[in-house]
Amino acid sequence: MESRGDYADVNGTAHCARCPETMTTDSSKKRKQRRRDSEHRDSFVEKRLENPETHKKRRMAGGGPAPPPKPAELQPHPAKDQLPGVSYCITSPPPWPEAILLGFQHYLVMLGTTVLIPTYLVPQMGGGNAEKAKVVQTLLFVTGLNTLTQSYFGTRLPAVIGASYTYVPTTLSIIFAGRYANIVDPQEKFARIMRGIQGSLIVASTLQIVLGFSGLWRNVARFLSPLAAVPLIALAGFGLYEKGFPGIANCVEIGLPQLILLIIFSQYIPHLIRGERHVFDRFAVIFSLTIVWIYAHLLTIGGAYKNRPTATQISCRTDRAGLIAAAHWISVPYPFQWGPPTFDAGEAFAMMAASFVTLVESTGAFYAVSRFASATPLPPAVLSRGIGWQGLGILFSGIFGTGSGSSVLVENAGLLALTRVGSRRVVMISAGFMIFFSILGKFGAVFASIPAPIVAALYCLFFAYVGSAGLGFLQFCNLNSFRTKFILGFSIFMGLSIPHYFNEYNLIHGYGPVNTGARWFNDILNVPFTSAPFVAGLFAMVLDITLHKKDDATKKDRGMHWFDRFKSFKTDTRSEEFYSLPFHLNKFFPSV
């Protein structure tokens, strides 16, 4: 399945036959250069042979008026349903050594969320470093498992399915539930709370499983136009701005160098050192992270933070994670390792609301991943299938006890854009690294001890890339339409304004604007409006549908004439190549 439709260039590198970027051999490049040199010489000779007086006057006047532009130069850039410039698209794997390094790079990037969420939650649950290390290992294992199943049987996109910050408020409500307040033993309290979170996740997983596998989300996705997709996808990246520079500022002496070096390696060096092999831009994360990590470790052992405040030491030091000493050498996560799950109806409904929010967020992230993988827009049937498998991923999170539900990791979607490698095989290799290091706990803990400001610097670039993917869908819309301007501007503004109000209110008062005696009911109403992509996508889709006129002009303004051929799996032949199931499973589970 991986190699179907692929071909190789003169260096033996495979490329997808469906990728919009065509490959040019060295000889053809030389012919083009010789042709340009010849045209330049002919132009120079013509200027010298013209009337000498005219030539003299033109030189004295500083040159004549510029020739009028050609009609072709006045045309806007053509719209592309596949992103050009991608070196390896979804079905074209890089050579194995390069693919392994790229997979390891994806593993490093996903460690940020995988470590930060347990680091925040576990101490409040009563757990120590040993429990935190075990939760991180379990989360790594389940993320690898979910990524493999999504790549094989879900959307088949190179998307990493990991922990989500959206579940944190609901998880905190479970942690602070009154029935755990009287438990004195910290380890017993931790285990009891974890079992309560497991029960809520198991129930919440049914929402995405039912909506996905029943095809209900497919019917919803068919109403999504490129215009409505712009705010949803853009704020899936831009809406996470609080995870970026504020995190760098916690330890600016290591966060800022990481951001600067990442930009230098990925953007500037490739322009200064031109060559056939993409090394610095493709492996910019490994280069920059290694340099800054060593620098941060030298600061730590040199005593730079010896007399600094505790918060600074936690953010800056490389030996404060507590994972290496607490992790086991070999540990295999297994189902119900914390004990049998417990169930509470209110908490289950609150977790279900968080699950619905991540469903919407993942929809935007899936479209961004398909764009950076140089695939066609997701057919609604394939998207619905992927949501169903993501629901199974939440079920796995509840069974194994990760403390958080699952969704598409936005940072790994941004890494696809940075490397310009959207190969499915690379992400599968990354999933192998996740499972491998989750079992060999000590080795995985070494990489998981990367300071948080370094991770925040990576977020600045990756979240920006995902936001730009959303803006890229504007090429299908009519930006000269006031209807387009209203829907676009209003939905993005409200997508930033409403979550800011809800988050700021919670920060000041300790609870959200909706505050009743039932925490689970508060979460059902508060959590959705803390998500920027959810709010923006909701406003954009409702306005786009309700302000819809059934004429061709409005349809073109919305960009639906581009999406119509992808509404069904069979209306575009490229869908079969990009999204068909392996092992001829489409015969038994056909997409419509």
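Residues numbered from 1 in each chain as written. Predicted model: local features only at pLDDT ≥ 70, side-chain atom pairs only at ≥ 80, totals over all residues. Heavy atoms only, no water.

## Concerning helix α16 (residues 410-419)
Helical geometry note: an α-helix holds 3.6 residues per turn, so side chains three or four residues apart project in the same direction. For α16, a buried count of 10 out of 10 residues is recorded, marking the element as mostly surrounded by other parts of the structure. Where α16 is concerned, the buried positions are Val-410, Glu-411, Asn-412, Ala-413, Gly-414, Leu-415, Leu-416, Ala-417, Leu-418 and Thr-419. (Buried < 20%, exposed > 50% of the residue type's maximum accessible area, 1.4 Å probe, protein only. Helix = DSSP H or I, 4+ residues; strand = E, 2+ residues; numbered from the N terminus.)

## Details of a nonpolar patch on the surface
Taken together, Phe-245, Val-252, Leu-256, Ile-260, Ile-264 and Tyr-268 make up a surface patch of nonpolar side chains, about 530 Å² in accessible area. Top element by residues in the nonpolar patch is helix α10 (residues 252-272). It accounts for five residues. Within the fold, Tyr-268 resides in helix α10. Accessibility expressed as a relative area gives 52% for Tyr-268, which makes it exposed. (Patch = residues over 30% accessible without salt bridge, like charges linked within 9 Å, V, L, I, M, F, W, Y side chains within 5 Å. Areas by Shrake-Rupley, 256 points an atom, 1.4 Å probe, with all protein chains shown as cover. Salt bridge = Lys/Arg side-chain N within 4 Å of Asp/Glu carboxyl O.)

## A word on the packing of aromatic side chains
Going through the model one piece at a time under the given rule, you end up with 36 aromatic pairs. Judged by centre distance (6.5 Å) and plane angle (50 degrees), the ring pair of Trp-293 and Phe-447 falls under tilted. Within this pair, whereas Trp-293 is found in helix α11 (residues 284-301), its partner Phe-447 is found in helix α18 (residues 441-448), the two being separated by 154 residues in sequence. Classification of Trp-293 as buried rests on a relative accessible area of 18%. Through pairs of rings, three or more aromatic residues link up here, namely Phe-104, Tyr-107, Trp-293, Phe-433, Phe-436, Phe-437 and Phe-447. Just above the ring of Trp-338 sits the side chain of Lys-134; from NZ or CZ to the centre is 4.9 Å. Positioned over the ring face of Trp-329 is Lys-442, at 5.8 Å from the centre of the ring. (Phe/Tyr/Trp six-rings, centres within 6.5 Å; stacked < 30°, edge-to-face > 60°. Lys NZ or Arg CZ within 6 Å of the ring centre and 35° of its normal.)

## Description of helix α17 (residues 424-439)
If you check α17, its first and last C-alpha atoms are 24 Å apart, about what 16 residues at 1.5 Å a residue would give, namely 22 Å. Of all 16 residues making up α17, 12 are buried, and the element is well covered by its neighbours. On its buried face, α17 sits against α3 (96-125), α4 (129-153), α18 and α25 (574-579). The backbone nitrogen of Arg-425 has a side-chain oxygen 3.2 Å away, supplied by the residue at the start of α17, namely Ser-423. (Expected span 1.5 Å × (residues − 1). Contact = heavy atoms within 4.5 Å. Polar contact = N/O pair within 3.5 Å; in protein donor to acceptor, adjacent residues only side chain to side chain.)

## Re the pattern of salt bridges
What the rule picks out here adds up to 11 salt bridges. A salt bridge links Arg-179 to Glu-347; its shortest N-O distance comes to 2.7 Å. Of the two residues, Arg-179 is situated in the loop between α5 (168-175) and α6 (186-213) and Glu-347 in helix α14 (residues 345-372); the sequence distance between them amounts to 168 residues. Among the salt bridges present, the one from Asp-544 reaches Arg-558, with a minimum N-O distance of 3.0 Å. Placement of Asp-544 in helix α22 (residues 532-546) and of Arg-558 in helix α23 (residues 552-558) is noted, with a sequence separation of 14 residues between them. The residues Asp-544 and Arg-558 share a single accessibility class, namely buried. Linked through salt bridges whose partners overlap, the residues forming this network are Asp-81, Arg-565, Asp-572 and Arg-574.

## Structural notes on the state of the cysteines
One pass over the structure, following the stated rule, counts one disulfide. Between the sulfur atoms of Cys-251 and its disulfide partner Cys-316 the distance amounts to 2.0 Å. Because the sign of the S-S torsion sets the handedness, a value of about 125 degrees for the bond joining Cys-251 and Cys-316 places this disulfide among the right-handed ones. Residue Cys-251 is located in the loop between α9 (245-249) and α10, and its partner Cys-316 is located in helix α12 (residues 310-316); the two are separated by 65 residues in the primary sequence. (Disulfide = S-S within 2.5 Å.)

## What about the environment of Ala-228?
Counting through the fold element by element, Ala-228 comes out in helix α8 (residues 226-238). Spatially, the C-alpha atom of Ala-228 lies 8.5 Å from that of Leu-543, the residues being 315 residues apart in sequence. Those residues in contact with Ala-228 that sit more than four places away from it in its chain are Ala-540, Met-541 and Asp-544.

## Considering the side chain of Asn-146
With respect to the element layout, Asn-146 can be found in helix α4. Given a relative accessible area of 3%, Asn-146 falls into the buried group. There is a polar contact of 3.3 Å between the side chain of Asn-146 and the side chain of Ser-406. Setting aside chain neighbours within four positions, we find Asn-146 in contact with Ile-161, Gly-393, Phe-396, Ser-397 and Ser-406.

## Some remarks on unusual backbone geometry
At Phe-336, a position not held by glycine, the phi torsion is positive, near 55 degrees. Judged by its relative accessible area of 38%, Phe-336 falls in the partly exposed class. In this structure, Arg-420 is a non-glycine residue whose phi angle is positive, near 60 degrees.

## Quick notes on the nonpolar core
Ranked by internal contacts, the top residues of the largest apolar core, which has 80 residues, are Val-285 and Phe-366. If sequence neighbours within four positions are ignored, Phe-366 has contacts with Gln-150, Thr-155, Leu-157, Ala-159, Ile-161, Leu-378, Leu-383, Ile-387, Gln-390 and Val-408. Counting residues in hydrophobic clusters, the runner-up holds 28 residues, among them Phe-104, Leu-108, Val-427 and Ile-429. (Core = buried A, V, L, I, M, F, W, Y, C linked by side-chain atoms within 4.5 Å.)

## Overview of the packing of α5 against α6
Close contact between α5 and α6 brings their axes to 9 Å; oriented N to C, the two are set at 135 degrees. One element, α5, and the other, α6, form an angle in the oblique class. Seen along the crossing, α5 lies across α6 with a hand that is right-handed. Facing α5, whose interface residues are Thr-171, Ile-174 and Ile-175, α6 presents Ile-193, Gly-196, Ile-197 and Ser-200. Per-class residue counts for the contact of α5 with α6 are four nonpolar, three polar and no charged. (Axes fitted to C-alpha atoms, helices over the stretch in contact; angles between N-to-C directions. Parallel < 35°, antiparallel > 145°, perpendicular 65-115°, else oblique. Left-handed = near helix turned anticlockwise from the far one by under 90°. Nonpolar A, V, L, I, M, F, W, Y, C, P; charged D, E, K, R; others polar.)

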